[in-house]
Amino acid sequence: MVIRATQPTRYRWTVEHYHRLAELGLLHDQRPELLDGEIIVAPPRLEEHSFTVMLVRRALERAMRSPGYLIREEKPIRLVGGSKPEPDIAIVRGTLAHYPGSDPPQQPALVVEVSVTTVDS
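These numbers were taken from a predicted model, which means no experiment stands behind them. (Residues numbered from 1 in each chain as written. Predicted model: local features only at pLDDT ≥ 70, side-chain atom pairs only at ≥ 80, totals over all residues. Heavy atoms only, no water.)

Visitor: Any details on the overall build of the chain? Residues and values, ideally.
Guide: Looking only at helices and strands, the chain has 2 helices and 5 strands in total. Counting from the amino terminus, the chain carries its helices and strands in the arrangement α-β-β-α-β-β-β. Taking the intrachain contacts of the chain between residues at least 6 apart in sequence as the baseline, contacts between residues at least 24 apart amount to 51%. If you sum the accessible surface of the chain, you get close to 9000 Å²; carbon and sulfur atoms cover 57% of it. (Helix = DSSP H or I, 4+ residues; strand = E, 2+ residues; numbered from the N terminus. Contact = heavy atoms within 4.5 Å. Areas by Shrake-Rupley, 256 points an atom, 1.4 Å probe, with all protein chains shown as cover.)

Visitor: Give me the lowdown on the pattern of salt bridges, citing residues and values where you can.
Guide: Summed over all chains, the structure comprises 6 salt bridges. A salt bridge links glutamate 23 to arginine 20; its shortest N-O distance comes to 3.3 Å. On the criterion of helical spacing, the pair formed by glutamate 23 and arginine 20 is a turn pair, its members being 3 residues apart in helix α1 (residues 15-23). When its relative accessible area of 60% is taken as the criterion, glutamate 23 is described as exposed. In this structure, a network of salt bridges that share partners links the residues Arg12, Asp36 and Glu38. (Salt bridge = Lys/Arg side-chain N within 4 Å of Asp/Glu carboxyl O. Buried < 20%, exposed > 50% of the residue type's maximum accessible area, 1.4 Å probe, protein only.)

Visitor: Hey, could you go over a nonpolar patch on the surface for me, with residue numbers and the actual values?
Guide: Side chains of Phe51, Met54 and Leu55 sit close together on the surface and give an oily, nonpolar patch of about 300 Å² of accessible area. Tracing the sequence through the fold places methionine 54 in helix α2 (residues 47-63). Exposure remark for methionine 54: the relative accessible area of 46% places this residue in the partly exposed category. (Patch = residues over 30% accessible without salt bridge, like charges linked within 9 Å, V, L, I, M, F, W, Y side chains within 5 Å.)

Visitor: Residue-level account of the nonpolar core, with values.
Guide: Among the nonpolar cores identified, the biggest contains 7 residues, and these are Val53, Leu60, Ile71, Ile89, Ile91, Val112 and Val114. Listed by contribution, the elements that provide at least two residues to this core are α2 and β4 (89-93). Other than its neighbours up to four places away in sequence, valine 112 contacts Val56, Leu60, Pro87, Asp88 and Ile89. One finds Val15, Leu21, Leu27 and Leu34 within the second-largest nonpolar core, a separate group that totals 5 residues. (Core = buried A, V, L, I, M, F, W, Y, C linked by side-chain atoms within 4.5 Å.)

Visitor: Explain α2 to me, using residue names and the numbers behind them.
Guide: Over its 17 residues, α2 runs 24 Å from end to end, which matches the ideal 24 Å to within 8%, given 1.5 Å per residue. Contacts made by the buried residues of α2 are with β3 (69-73), β4 and β5 (110-112). (Expected span 1.5 Å × (residues − 1).)

Set out below in structure tokens:
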């Protein structure tokens, strides 16, 4: 008896695979994120979204003046478990000196995603 799959097989990407795809230029001109082993390509950012992200960042900068934390805007963060999202805003431990050329796992203190439209789930 032959059993045939009725659904496509999903491939789970690692952060290392994801980086290699980017190095090869296969993710060029796209906005990919690695979420729980899947590569998701986000739609282009609209002006309303960008403006709202800027307002949120400004409010967080005024409210939070804790040394040892950094506000990152639309930058990738590497999470334990194989995800590398690019949240609109993330507050992470460390300073600018911790990040040049490195890709350390980070446990953000706060992540903010701005949604101008609602997405069906």
